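Breakdown of the fold
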Amino acid sequence: MLYALKIATRYLTANKAQTALLITGVAVGVFIFIFMSALIGGLAEFILSRTVGDLSHVTIEAEDPDPSLLIAPAGHVLAVTERGRTRNATLAEAETWLPLIEAVPGVRAVSPQITGAGFLTRGAQVSQVSVTGVMPGRESAILDLDGYMVEGSARTGSGLIVLGRDLADDLALSLGQTVRLQSSGGITALLTLSGVFETGNGAMDGARAFVSLPVARTLFAMPQGVTRIEIKLDDLNAADATALRIRALTGLDAVPWTDGAEQLMEALNAQAQTGYFLKTFALITIVIGVASALMLSTYRRRPEIGIMRAMGAGRNFVVFVFVAQGALIGLMGGVMGAALGYLALLPFPSREAFEPGTLPMDITQGSYGLAITLTVIGAILASILPARAASRVDPVTAIGQ
Amino acid sequence: MSTLLEVRDLFKTYGTGEAETRVLRGLSLRLEAGEMAALLGPSGAGKSTLLTILGTLMKPTSGSYEMLDQDMISADDRALTDFRNAHIGFVFQFHNLLPDFTALENVIFPTAVREGRETPTARTRGRDLLERMGLADRIDFPTANLSGGQKQRVAVARALMNRPELVLADEPTGNLDRASAKQVMDLIGEINREEGTTFLISTHDEKIAASCRRQIEVADGVVTG
Ligand SMILES: Nc1ncnc2c1ncn2[C@@H]1O[C@H](COP(=O)(O)OP(=O)(O)OP(=O)(O)O)[C@@H](O)[C@H]1O
Ligand SMILES: [Mg+2]
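Predicted, not measured: the structure shown is a model, and the values here were computed from it.

Each value, and the rule that gives it
- Residues numbered from 1 in each chain as written.
- Chains lettered and ligands numbered in written order.
- Predicted model: local features only at pLDDT ≥ 70, side-chain atom pairs only at ≥ 80, totals over all residues.
- Heavy atoms only, no water.
- Pairing = 2+ DSSP bridges.
- Helix = DSSP H or I, 4+ residues; strand = E, 2+ residues; numbered from the N terminus.
- Contact = heavy atoms within 4.5 Å.
- Axes fitted to C-alpha atoms, helices over the stretch in contact; angles between N-to-C directions.
- Buried area = accessible area lost by both parts, 1.4 Å probe.
- Salt bridge = Lys/Arg side-chain N within 4 Å of Asp/Glu carboxyl O.
- Polar contact = N/O pair within 3.5 Å; in protein donor to acceptor, adjacent residues only side chain to side chain.
- Nonpolar A, V, L, I, M, F, W, Y, C, P; charged D, E, K, R; others polar.
- Parallel < 35°, antiparallel > 145°, perpendicular 65-115°, else oblique.
- Left-handed = near helix turned anticlockwise from the far one by under 90°.
- Near = heavy atom within 4 Å.
- Areas by Shrake-Rupley, 256 points an atom, 1.4 Å probe, with all protein chains shown as cover.
- Phe/Tyr/Trp six-rings, centres within 6.5 Å; stacked < 30°, edge-to-face > 60°.
- Buried < 20%, exposed > 50% of the residue type's maximum accessible area, 1.4 Å probe, protein only.
- Lys NZ or Arg CZ within 6 Å of the ring centre and 35° of its normal.
- 1 Å grid on protein atoms, 1.4 Å probe; cavity = no way out; pocket = protein on both sides within 12 Å on 5 of 7 lines; lining within 4 Å.
- Points joined across faces, edges and corners; volume = space filled by probe spheres on them.
- pLDDT = per-residue confidence, 0-100.
- Domains from an automatic or database assignment.
- Patch = residues over 30% accessible without salt bridge, like charges linked within 9 Å, V, L, I, M, F, W, Y side chains within 5 Å.
- Lys, Arg positive; Asp, Glu negative; His and termini not counted.
- Charge placed at Lys NZ, Arg CZ, Asp CG, Glu CD.

All names here are of chain B. Taken in spatial order, the 6 strands of this open sheet run β6-β7-β8-β3-β9-β10, and their pairing is mixed. Only two strands of the sheet have a single neighbouring strand rather than two, namely β6 (88-91) and β10 (222-223). As paired elements, strand β3 (residues 36-40) and strand β9 (residues 214-219) share 4 bridges and run parallel to each other. Considered in β9, the bridge of Ala38 is made with Gln215. Strands in contact with helix α6 (residues 148-160) are β6, β7 (166-170) and β8 (198-202); relative to β6, the strand with the most contacts, it is inclined by about 170°. Across the sheet, helix α7 (residues 178-195) lies against β3 and β8, angled at about 155° from β8, the strand it touches most.

Here we take up the interface of chain B and chain A. Facing the 28 residues of chain B at the interface are 28 residues of chain A. Taken together, both faces of the contact between chain B and chain A bury some 2400 Å²; the carbon and sulfur share is 63%. Residues Asp77 of chain B and Arg309 of chain A are paired through a salt bridge, measuring 3.0 Å at the closest nitrogen-oxygen approach. Joining chain B to chain A, the criterion identifies 12 residue pairs in polar contact (both at pLDDT 80 or more). When contributions to the side of chain B that touches chain A are tallied by element, the ones reaching two or more residues are α2 (77-87) and α4 (109-115) of chain B. When residues of the side of chain B that touches chain A are assigned to their parent elements, the largest contribution, 5 residues, is made by α2 of chain B. Per-class residue counts for the side of chain B that touches chain A are 13 nonpolar, 7 polar and 8 charged.

Residues and elements named next belong to chain A. With their axes 8 Å apart at the nearest point, helix α9 (residues 262-300) and helix α12 (residues 368-391) run at an angle of 30° to one another. It follows from the interaxial angle that α9 and α12 lie roughly parallel. Every pair of crossing elements has a handedness; the one defined by α9 and α12 is right-handed. Residue-level contacts link Leu283, Ile286, Val287, Val290, Ala291, Leu294, Met295 and Thr298 of α9 to Leu374, Thr375, Gly378, Ala379, Ala382, Ser383, Leu385, Pro386, Ala389 and Ala390 of α12.

Turning to the site of ligand 1, a few remarks are in order. Residues and elements named next belong to chain B. With respect to spatial proximity, the complete set of residues near ligand 1 consists of Tyr14, Val23, Pro42, Ser43, Gly44, Ala45, Gly46, Lys47, Ser48, Thr49, Glu171 and His204. Between ligand 1 and the protein, one listed contact pairs an oxygen atom with a backbone N or O atom of Gly46 at 2.9 Å. Lys47 places a polar side-chain atom, nitrogen or oxygen, 2.7 Å from an oxygen atom of ligand 1. When ligand 1 is considered free in solution it has 640 Å² of accessible area, and contact with the protein chains removes 60% of it. When residues in the shell around ligand 1 are grouped by element, the largest group, 3 residues, is from helix α1 (residues 47-54). The residue makeup of the shell around ligand 1, split by class, is 4 nonpolar, 6 polar and 2 charged.

Turning our eyes to something else, we now look at the packing of aromatic side chains. Going through the model one piece at a time under the given rule, you end up with 11 aromatic pairs over all chains. Residues Phe197 of chain A and Phe210 of chain A carry aromatic rings whose centres are separated by 5.7 Å and whose planes lie at 70° to one another, so their mutual orientation is edge-to-face. Pair noted here: Phe197 of chain A is in strand β9 (residues 188-197) and Phe210 of chain A is in strand β10 (residues 208-212), with a separation of 13 residues, a long-range link. A relative accessible area of 0% places Phe197 of chain A in the buried class. Here the aromatic rings of Tyr342 of chain A and Tyr368 of chain A are separated by 5.7 Å at their centres, their planes lie at 65°, and the arrangement is edge-to-face. Here Tyr342 of chain A is found in helix α11 (residues 315-345), whereas its partner Tyr368 of chain A is found in helix α12, with 26 residues between them in sequence. Judged by its relative accessible area of 41%, Tyr342 of chain A is partly exposed. Residue classification places Tyr368 of chain A among the buried positions, given a relative accessible area of 19%. Across from the ring centre of Tyr11 of chain A, 3.7 Å away, lies the NZ or CZ of Arg301 of chain A, which sits over that ring. The lysine or arginine in question, Arg138 of chain B, covers the ring of Phe141 of chain B, its NZ or CZ lying 4.5 Å from the ring centre.

Bringing empty space enclosed by the protein into the picture now. With the rule as written, the count across this model stands at 3 cavities of 30 Å³ or more. In this model, the largest cavity occupies a volume close to 110 Å³. The wall of the largest cavity is formed by 13 residues, among which Leu12, Gln18, Thr19, Ser297 and Gln325 of chain A lie closest to the centre. Mapped onto the lining of the largest cavity, the elements with two or more residues apiece are α1 (2-14), α2 (16-51), α9 and α11 of chain A. Counting residues per element, the lining of the largest cavity draws most heavily on α9 of chain A, which supplies 4 residues. In terms of residue class, the lining of the largest cavity is made up of 6 nonpolar, 5 polar and 2 charged. Reported here for the second largest cavity is a volume of approximately 70 Å³. Along its surface, the second largest cavity is lined by Ala310 and Met311 of chain A together with Arg84, Asn85, Ile88, Gly89, Pro110, Arg158, Ala159, Asn162 and Pro164 of chain B. Of all elements in the fold, only α2, β6 and α6 of chain B reach the threshold of two or more residues within the lining of the second largest cavity.

Turning to the confidence of the model for chain A, a few remarks are in order. Here chain A averages 87 in pLDDT, and 91% of its residues register 70 or above. Of the regions scoring below 50 in pLDDT, residues 83-88 of chain A engages in 8 contacts with residues more than four places distant in sequence or in other chains.

Next up on the list: the domain arrangement of chain A. According to the domain assignment, chain A consists of domain 1 (2-51 + 264-400) and domain 2 (58-65 + 87-257). For domain 1 of chain A and domain 2 of chain A, the distance between their C-alpha centroids amounts to 53 Å.

In this section: the pattern of salt bridges. On inspection of all chains with the given rule, the structure shows 23 salt bridges over all chains. Between Glu304 of chain A and Arg301 of chain A there is a salt bridge; the shortest N-O distance is 3.1 Å. Across the pair Arg123 of chain B and Glu118 of chain B runs a salt bridge whose closest N-O atoms are separated by 3.5 Å.

This next bit is on a negative patch on the surface. Residue and element names in this part refer to chain A. A contiguous patch of negative charge on the surface is contributed by Glu151, Asp166, Asp169 and Asp170. Considering each element in turn, the negative patch owes the most residues, 3 residues, to helix α5 (residues 165-170). The topology assignment puts Glu151 in strand β6 (residues 149-152). When its relative accessible area of 35% is taken as the criterion, Glu151 is described as partly exposed.

The following block contains the structure:
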């Protein structure tokens, strides 16, 4: 079949302008395919990072312990401890779990936290605040606090508090000034404002305070354990699997971010569907283009096909000559379109350096290999009809023309 | 002499109803191995039709055809394709060569298509044949740049490539001037004498017909002489 390939190549090179045009047409289709892949992929990535990027990917929250029962041998309940009124559930053995969780593949960062509610008081000003105690040094493990700082530092520490911009403004508090924080448990601490952040999220900027884990321990009277463990993953799409894994490993109730994010997932799905739709059309265009060009070539070369058949070329040989032309066109157009697509995507900023106002193209999601493979397969399929027509050319009428 | 091929009671009818054309009407013919025969007859007599049937490119409406003791009527397309490749060479009046290939590539096509590639042995034979046709300086020429006479000589070389027992030529000199026609016929005669290849050549040219040892007249769908 090497010989059929030679003839196919010769046919393609014999009419260079036409072949170049055909390959360019295929390349444009592949380019669109790749552009759509990068755009849809980048867009999904962008939306996820905007909505989920600052969230914990897998979260473990303390459950209030079930009331302990005292059960007699006969099965009668003898005594029940009543559930406490105040929420004081803790992940008491958190410290022992942390190294285990950190060792799970795909886990990028783990942030043990103590969370609770309180009041900030400065002079006559009182504001309700939701307090998060984080490990000093891990302030930016989940939320990119460092990136949102407008004043001071995100670093928490003994006697320090980091507040949102709106909250600081409400309290007319500026860097270095002190504020009184009273926890829901009634414990009070005097803290110095060491940093101000602005995320653009009103609930965050107007009602969140970050303190160090030791400060939170004092405030919420929790000498050990934490209330919440937040986990960041390398791949947020792996949250479901990783949560399961952590659950199996630790027995803790690890919840992936996808729980309760059905609408977002649906929207992303719909977007991906649109992408498939457009990509399918790009492929169909390629198939139709290749098929019609080869059909024309088949017709133009009827006398030659007749001669080849008279000289002892079998039907399969003729089929192969034309299918090989389709495959070569698909391969060259595919590679050219993929290269063009890659070059066109190069100027777009990377996912990390994305700037609002431009398209969130992701060059790594161009599906180059898939685009080339599908194009070659499509071009081969497109050439089958013309190839069959060519193999059925009647030598007598073809040569007699 | 042994019999190369024999057809008996050949009928060939084109079309149906109003457009029905009965071309061959019970034609019988025998060719011995090594013959050099001219096929004569008025235009429309059925010369090309007969050559096409003998070349296994078309089946007669009825009749029998045996070549090299094989039944050509019942054989299927695949078998006939292989048979043609091995035993029959063609020279046509028009559309003879593959225009995007060189003279040598055209000549070795029948071998290459059988072997699946262009072997060095095939190239050597192709070169020899082209030299013999007086085309030593045109071996790697694109055929599109050859003159009509040169093209027909390339076609003769290709017809001989697989050392077939039979070469069918349908007005091979119909498009050539007298000098080129004579050159082509001289080469055919030489091959016939030296290699014993059987030639059946249709022509309207009395001189060319006279240069063949046998003349076969076709008229009204049968051989008349
Ligand atoms: N495919 C076809 N369909 C219908 N009629 C045909 C077909 N091919 C040939 N004919 C008719 O059959 C008759 C014989 O044609 P053929 O080509 O065999 O004649 P010929 O002897 O070769 O003539 P010429 O010397 O002009 O080449 C003609 O009347 C022609 O019109
Ligand atoms: Mg004729």
